Amino acid sequence: MEARTLIERKRNGGRIAATEWRSLMKHYAAGEVPDYQMAALAMAIFFVGLDREEIVALTNAMLESGSTLQLDHLSVGRVDKHSTGGVGDKVSLVLAPLVAACGVAVPMMSGRGLGHTGGTLDKLESIPGFRTDLPLARATAQLEAIGCALIGQTREIAPADRQLYALRDATATVESIPLIAASIMSKKLAEGLTGLVLDVKYGSGAFLPELDRGLTLARTMIELGADHGCPVVALLTAMDRPLGRACGNALEVAEAIAALRGEGPADLMDVTYALGTEMLLLGGVASTRHDARRRMEVAIASGQAARKFQQIIEAQGGDPAVVDDPGLLPQAAEVALFVAARDGVVAQVEPRAIGRGITALGGGRTKVEDAVDPSVGFVITARPGDVVREGAPLATIFARDAAGVAAGRAALLESIRLADGADPPLPLISHRVTGAGVERYEAEA
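This one's a predicted model, so the numbers in the text were calculated from it and none came from an experiment.

Asks: Explanation requested: the packing of aromatic side chains in the structure shown.
Replies: A ring pair, where both rings are aromatic, is described by two values, the distance of the centres and the angle of the planes. Applying the stated criterion across every chain, the model contains 1 aromatic pair. Residues Phe 46 and Phe 47 carry aromatic rings whose centres are separated by 5.2 Å and whose planes lie at 85° to one another, so their mutual orientation is edge-to-face. The class for Phe 46 is partly exposed, based on a relative accessible area of 32%.

Below, the structure is given as structure tokens:
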């Protein structure tokens, strides 16, 4: 098989057959197709797209390029959650231990920062000693013992996607619906799930800002799940402002710990409870939405959720003491306030500018091989619609040096806009999508 032929065909609007996808991904995972050719194919897909059969074939080819978790022997439901990416989105750090504490097994496979968004693996690795590169046998044993494993892709699971995932970030092809869907679902289907919940972001800070494209992506992934007997539910959630207050790896871990103790920001808790409700229903431990919400509230109030996070951290080589003392997380050398330059209303807190600012501070990547400083980022207290006075604090900058503080100020000046009035933000959770169709989301009273 010659990769150049497939690149040329796709560039010209042609189709790639299932057998060709399988061969291409097999050779790519084996190192026999160079990154520059896969980069060219990714760009062709970005512009030309893939049809339904091609998306299925690509997903299956990446899934079959590696091994899968064998979890049928577990007596409980196995449910994961995946977010399409946002700024300040630390929901996975809260949701995985919370749902596991409620009796559902959570084999959660996550990724690193992609584009302007943060990555769950980078956040977890800001915990001293925490390892996300668990082999499948160890992840399986951990799921059996404590009901949760928070892992990254190894060479065992969908290795072709593992390579392509990083390449998409470096080649500005992240926003392609076929590539997003195939990437997410190849990993999730490798986990041996009995259910999957998706957090599909839309708004100015999402990879797919438009609601209709978010709904298209949700439907695509739901169909891929149905093809493999895995029920999928998707919620459409807002990313026209950061989620919560903390933005940056260690800062987000600290906020997630606060959330597990019942002290998280309201928007973070609302999204967490909404996604967790769907997970508990799919996992078979709750019969109603009200029952699911109550179980999660009890797990947090009783301390079970925080203790479960400690168990996960300890099992994966990290220091569980961070749950009791978040000060053990990496700390920035420089801290500075960002204040309002005038009286007014917070009209905008633009997530993309915040995400780019974290990268400028050293907390994200511009190249695959870049190291990440886990200590840097922002805590943004300003919310759209807030009325503020000149000199009022809007955010705090966490940087490694004075140059970082200056870069942080520049990012916040771009992101936070004050005006005489403000339009209302997007609804935090707007739609629920299942195999039965799309409905407006209604929160549990």
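Asks: Would you explain the sheet that holds strand β11 (residues 393-399) in this entry?
Replies: In any sheet, the strands associate via hydrogen bonds between backbone groups, in a parallel or an antiparallel arrangement. A sheet is described by the order of its strands in space; here 4 strands give the open sequence β6-β9-β11-β7, paired in antiparallel fashion. Each edge of the open sheet is held by one strand with a lone partner, namely β6 (246-247) and β7 (334-339). Bridging between β7 and β11 involves 6 bridges; their strand directions are antiparallel. Residue pairing for β11: Leu 337 is matched across the bridge by Thr 396. Sheet contacts for helix α15 (residues 351-361): β6, β9 (377-380) and β11; angle to β9, the most-contacted strand, approximately 140°.

Asks: Is there a simple way to think about empty space enclosed by the protein in this case?
Replies: The gaps left among the atoms become clear once a water-sized probe is rolled over them. Going through the model one piece at a time under the given rule, you end up with 3 cavities of 30 Å³ or more. When its volume is computed, the largest cavity comes out at roughly 350 Å³. His 82, Ser 83, Thr 84, Gly 85 and Tyr 165 are the residues nearest the centre of the largest cavity, which is lined by 28 residues in total. If you list the elements that add at least two residues to the lining of the largest cavity, you get β1 (79-83), β2 (106-110), α6 (120-124), α8 (159-170) and α9 (177-189). Top contributing element to the lining of the largest cavity by residue count: α9, with 5 residues.

What counts as what
- Residues numbered from 1 in each chain as written.
- Predicted model: local features only at pLDDT ≥ 70, side-chain atom pairs only at ≥ 80, totals over all residues.
- Heavy atoms only, no water.
- Phe/Tyr/Trp six-rings, centres within 6.5 Å; stacked < 30°, edge-to-face > 60°.
- Buried < 20%, exposed > 50% of the residue type's maximum accessible area, 1.4 Å probe, protein only.
- Pairing = 2+ DSSP bridges.
- Helix = DSSP H or I, 4+ residues; strand = E, 2+ residues; numbered from the N terminus.
- Contact = heavy atoms within 4.5 Å.
- Axes fitted to C-alpha atoms, helices over the stretch in contact; angles between N-to-C directions.
- 1 Å grid on protein atoms, 1.4 Å probe; cavity = no way out; pocket = protein on both sides within 12 Å on 5 of 7 lines; lining within 4 Å.
- Points joined across faces, edges and corners; volume = space filled by probe spheres on them.

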